[in-house]
Structure formats: C-alpha cells, structure tokens
Amino acid sequence: MKKPIVYITRKIPNEILVPYQDSLDFRMWEDEETPVPRDVLLEEVKEADGLLCLLTEKIDRELLENAPQVKVVANMAVGYDNIDVGAALEKNVIVTNTPDVLTETTADLAFSLLTAAARRIAEANDYIRAGKWDHWSPYLLAGSDIHGKKVGIVGMGRIGESIAKRAKGFGMPILYHNRSRKPSAEKDLGATYKEFDELLREADFVVSVIPLTPETRRMFNKDAFRKMKTSAIFINVSRGGVVDEKALYHALNENTIHAAGLDVFEEEPIDANHPLVKLDNVVCLPHIGSASVETRTKMLKLCMDNLLAVFSGESPITPVKNP
Ligand code: DGY
C-alpha cells in the first residue's frame, strides 16, 4: 500500500525519521538553518498528505487550499499562532502541537533569563571580553536581588506553573494572572491571583508566558509599562506579538522600567541594529526557550507520533482544539 507522504519543512536528523520510515514517506527541505521558501512550500504541499512544520512557516488559508490531500499538520512548537487553526478545522485538517515535553526546559530558560537580566550576566560577560575589568569595586555591575522579590506570572499554564515552582525555590512570593483561576497553583505554590493591572503594579518581575491571540496582541503596551514599578524587570518567553516593542523600548530607555529579558520578538530574527538590542538593560536571546537537545528531540518525536497516529486511523496525541 502507498505510504502517506509527509513534507518536513526543515532538515531534521535522520535518526528521528528511521523508526517511522516503514509507515511514512518523507520529503524534506534539506537545509538545517534556512526556512523553506514560501513558493517551494506551496509547491511541495500539493502532493503531501501530512506536514511537519516549524513556527517559521505560516500555515494559512492560502497554503491549506494548495494542499488538497493534507490531513494533518504537526507543528513543532506548543504555540500555534503561525497556523490558521480555524481554516484548518473548516477543511477537516487536524492540527497538533508539542505541549508538555518542553514545559520544564522552557521554564529553565525563563528563569535563566530572569536571573541574567536581574544580575546583568550578559553585560558582565561582555565587560570581561572587552578587556574592561581593571579593578574590583563595590558597585561594579551591581544588579537587583531575585530572592524575596515578587514574581508576577502572566499566563499560568503548564510553563507558568513550572516557572512558579522555580520562583518558590528562590523564596519569591508568586502573583499570577490568567484567564481562569488556578486552584492547584494557589494551593501547592501559594500563588496569589491578581487582576492584570494589580499584578503590573505589585510585581518586581513580570514574566509573560501568555500565548499570542487576537486578545493578547500587544497587551504589554505603553500603558502596561507605565503601571509597572520603575524597578520592574520584564521577561518575555511567549511570543513577541504580545508586546508593543516601541513602547518597551521607550520604557527601558526612559527608565519607566528597569530591565528586560527577551527570548521572543515581534519580528524574528530581530535585526542586530534594532534599538532594543542596543540597550544595555536588555538581555536578548534568539527564541531558544525549548532549545535543549533532549527537548527538541522529544518535540520532533511527538510530531512524528502525532502524524503516525492520524495515518493509522487513531486519535492524535496532542491535538489543537481551539482556534
Ligand atoms: C513553542 O514551542 O511555542 C516555542 O516557542 C518554541 O519551542
């Protein structure tokens, strides 16, 4: 019997493919670093029965209309704002994502970024490399304490809760804002629910873990930064689109807030000359929240298992249900 054709939008290690090769026929964009050009993708999906894509690909109505046989789109990310899920569901295309397997790794990175921004770690590293360290002095590269400070987590999903666990270990009181209350986080972690504005006013660290949706787009705007403490440190590990970057730049440049740690940007890759990247009080990372070798491998395997489940007539393991 003819095997279903799965198009993979980036070169991935052969070891990941091997266990599935008896059941699936793979076609792949043979470049590890550069995303597949849109016109190539539009051509390739014409023949494909399934797609394994990354957050760099826009899976919109135009693409889905070009892909008459595609039954399933397996997105190698927990976030799926790159996919028009409404259009996919209309066309009976199953969309899957990669929750759970990346939770702890992303929380590790979020906390590392918080630590780096508070204790000026990137600046300190640059300082030595630039040959500037001549003397030790009392306030040399002095940053902000982390222990005992209030963390405000916006988006108390799985990753938010894992960040809260780490914060608890640092002796930080935990505030959170979420669409719905999280009794488990309140009971187990002592987290306190706050309205968004209250959290902004009270938190020393504001951590964005909120998915990008029409409702959350640019929710961290000029108004939001004005409500934060002047000593506040803003961390974003969700999507750049939840932030108004111009407003963030002004808030940082004019000391409306103290510092930021950013793993995600409105436009990725962010230009090295972007004003945000030039600020000393910002730590920027190239969207590496889930980037450990172990976790990236688990994410790819979960994509494969989802594809295989669908083509075997079973339910997908981690379907995306709501647009
Ligand atoms: C995700 O999974 O949504 C991350 O942003 C990429 O790992």
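The numbers attached to residues start from 1 for each chain and follow its sequence in the written order. With pLDDT at 70 or above as the cut-off, local features in this predicted model cover only qualifying residues; side-chain atom pairs require 80 or more to be listed or tallied, and sums for whole chains, interfaces and linings still use all residues. To get the side-chain values, take all heavy atoms of the structure and skip hydrogens and water.

Asks: Can you help me understand the environment of Asp-60 in this one?
Replies: Tracing the backbone shows Asp-60 in the loop between strand S3 (50-53) and helix H3 (61-65). When the C-alpha atoms of Asp-60 and Asp-84 are compared, they prove to be 5.1 Å apart, with 24 residues separating the residues in sequence. The contact criterion used throughout is that any non-hydrogen atoms of two residues lie within 4.5 Å. In this structure, Asp-60 is in contact with Arg-38 and Asp-84, ignoring residues within four places of it in sequence. Looking at Asp-60, its side chain comes within polar contact range of the main-chain nitrogen of Leu-63, at 3.0 Å. Runs of E in the DSSP output that reach at least two residues are strands. Runs of H or I that reach at least four are helices, and both are numbered from the N terminus. In protein, a polar contact means a hydrogen-donor-capable atom and an acceptor-capable atom, both N or O and within 3.5 Å, with residues adjacent in sequence counting only if both atoms are side-chain atoms; elsewhere, any N or O pair within 3.5 Å suffices.

Asks: How do you make sense of the nonpolar core when you look at a structure like this?
Replies: In summary, soluble globular proteins display a tendency toward joint burial of nonpolar side chains. The set of buried Ala, Val, Leu, Ile, Met, Phe, Trp, Tyr and Cys residues whose side-chain atoms join them within 4.5 Å is what this entry labels a nonpolar core. Using a 1.4 Å probe on the protein chains alone, a residue whose accessible area is under 20% of its type maximum counts as buried, one over 50% counts as exposed, and one in between counts as partly exposed. Counting 53 residues, the largest nonpolar core has Ile-8, Val-151, Ile-153, Ile-163, Ile-174 and Met-304 as the members making the most contacts within it. A total of nine residues in this core trace back to one element, the largest contributor, which is helix H5 (residues 103-119). A domain-level breakdown of this core finds at least three residues from each of domain 1 (5-99 + 293-311) and domain 2 (103-284). Apart from residues no more than four positions distant in its own chain, Ile-153 is found in contact with Gly-160, Ile-163, Ala-164, Ile-174, Leu-175, Tyr-176, His-177, Leu-199, Val-207 and Val-209. Formed by 29 residues, the second largest nonpolar core is a distinct cluster that contains Ala-203, Ala-224, Ala-247 and Ala-260. The split into domains, and so the bounds of each, comes from an automatic or database assignment of domains.

Asks: Any chance you could explain the pairing of strand S2 (residues 25-28) here in plain terms?
Replies: Remark: a regular strand shows side chains that alternate across the two faces of the sheet. Only one face of S2 is buried: it carries Phe-26 and Met-28, and the other face, with Asp-25 and Arg-27, is open. Think of it this way: DSSP has to see at least two bridges between two strands before they count as a pair. Two elements, strand S1 (residues 5-8) and S2, share four bridges in a ladder whose sense is parallel. Its bridge partner lying in S2, Val-6 is registered against Phe-26.

Asks: Explain the pattern of salt bridges here, please?
Replies: Note on pairing: side chains with opposite charge can pair once their charged atoms come close. Salt bridges are defined as contacts in which a side-chain nitrogen from Lys or Arg sits within 4 Å of a carboxyl oxygen from Asp or Glu. Taken as a whole, this structure holds 19 salt bridges when the rule is applied. Salt-bridge contacts for Asp-25 lead to Arg-27; the nearest nitrogen and oxygen are separated by 3.8 Å. By relative accessible area, Arg-27 is classed as partly exposed at 32%.

Asks: I would appreciate a short explanation of the sheet that holds S3 in the present structure.
Replies: The pairing of strands in a sheet happens through backbone hydrogen bonds and is either parallel or antiparallel. Taken in spatial order, the five strands make up an open sheet running S2-S1-S3-S4-S5, and their pairing is parallel. Across the chains shown, the open sheet's two edge strands, defined by having one partner strand only, are S2 and strand S5 (94-96). Strand-to-strand twist of the sheet, defined as the mean angle between neighbouring strand axes without regard to direction, takes the value 20°. The pairing of strand S4 (residues 72-75) with S5 spans three bridges and is parallel. Bridged to Ala-74 within S5 is Thr-96. For helices, the axis comes from a line fit to the C-alpha atoms of the stretch in contact; other axes are also lines fit to C-alpha atoms, and the angle between any two N-to-C directions lies between 0 and 180 degrees.

Asks: How should the site of the ligand be read in this particular structure?
Replies: Proximity is defined per residue: if any heavy atom of the residue lies within 4 Å of a molecule or strand, that residue is considered near it. Around the ligand sit Leu-55, Ala-77, Val-78, Gly-79, Leu-102, Arg-239, His-287, Ser-290, Arg-296 and Met-299, and those are all the residues in its vicinity. The backbone of Gly-79 places a nitrogen or oxygen atom 2.9 Å from an oxygen atom of the ligand. Within the side chain of Ser-290, a nitrogen or oxygen atom sits 2.5 Å from an oxygen atom of the ligand. Every accessible area reported is derived by Shrake-Rupley at a probe size of 1.4 Å, with residue values counting cover from the shown protein chains alone. If the ligand stood free it would expose 230 Å²; the protein chains cover 89% of that surface. Think of it as three bins: nonpolar holds Ala, Val, Leu, Ile, Met, Phe, Trp, Tyr, Cys and Pro, charged holds Asp, Glu, Lys and Arg, and polar takes everything else, Gly as well. Residues belonging to the shell around the ligand are distributed by class as follows: five nonpolar, three polar and two charged.

Asks: What is the right way to read the packing of aromatic side chains from this model?
Replies: A ring pair, where both rings are aromatic, is described by two values, the distance of the centres and the angle of the planes. Any two of the Phe, Tyr and Trp rings considered here, Trp counted by its six-membered ring, make a pair once their centres fall within 6.5 Å; the pair's planes then place it as stacked at under 30 degrees, edge-to-face at over 60, or tilted in between. Inspection of the entire model under this criterion finds five aromatic pairs. Plain terms: the ring middles of Phe-111 and Phe-170 are 4.8 Å apart, the flat faces sit at 50° to each other, and that makes the pair tilted. In this pair, Phe-111 sits in helix H5 while Phe-170 sits in the loop between helix H7 (158-169) and strand S7 (174-177), placing the two residues 59 residues apart along the sequence. Of the aromatic side chains, those joined through ring pairs into one cluster are Phe-196, Phe-220, Phe-225 and Phe-234.

Asks: Explain unusual backbone geometry to me, please; I cannot follow it from the model alone.
Replies: When glycine is set aside, most residues are seen to have a negative phi, and most peptide bonds are trans. With an omega of -5°, the peptide bond running from Glu-268 to Pro-269 counts as cis. With respect to the helices and strands, Pro-269 occurs in the loop between strand S11 (259-262) and helix H12 (275-278). For Arg-218, which is not glycine, the phi dihedral falls at a positive 55°. For Arg-218, the location among the structural elements is in the loop between strand S9 (205-208) and helix H10 (222-227). For Arg-218, a relative accessible area of 41% translates into the label partly exposed. In this model, His-287 sits at a positive phi of 50°, which is unusual for a non-glycine residue.

Asks: Whenever I open this one, the sheet that holds S7 confuses me. Can you help?
Replies: The sheet built from seven strands is open, its strands ordered S8-S7-S6-S9-S10-S11-S12 with parallel pairing. One side of each edge strand has no neighbouring strand; the edge strands of this open sheet are strand S8 (192-193) and strand S12 (282-284). Across four bridges, the pairing between strand S6 (residues 151-154) and S7 is parallel. The residue of S7 that forms the bridge with Ile-153 is Tyr-176. In this fold H7 packs onto S6, S7 and S9, with an angle of close to 170° to the strand it touches most, S6.

Asks: In this structure, what is going on with a nonpolar patch on the surface? I would like to understand it.
Replies: For patches, a residue must show more than 30% relative accessible area and have no salt bridge; joins then use 9 Å for like charges and 5 Å for nonpolar side chains, namely Val, Leu, Ile, Met, Phe, Trp and Tyr. On the surface, Ile-128, Trp-133 and Trp-136 cluster together to form a nonpolar patch covering roughly 430 Å² of accessible area. Positionally, Trp-133 belongs in the loop between helix H6 (121-129) and S6.

Asks: What is the right way to read the side chain of Thr-9 from this model?
Replies: Relative to the helices and strands, Thr-9 is located in the loop between S1 and helix H1 (14-17). By relative accessible area, which is 0% here, Thr-9 ends up buried. A polar contact is formed between the side chain of Thr-9 and the side chain of Glu-57, at a distance of 2.7 Å. Thr-9 has contacts with Trp-29, Val-36, Leu-41, Leu-51, Leu-52, Cys-53, Leu-54 and Glu-57, leaving out every residue within four places of it along the chain.

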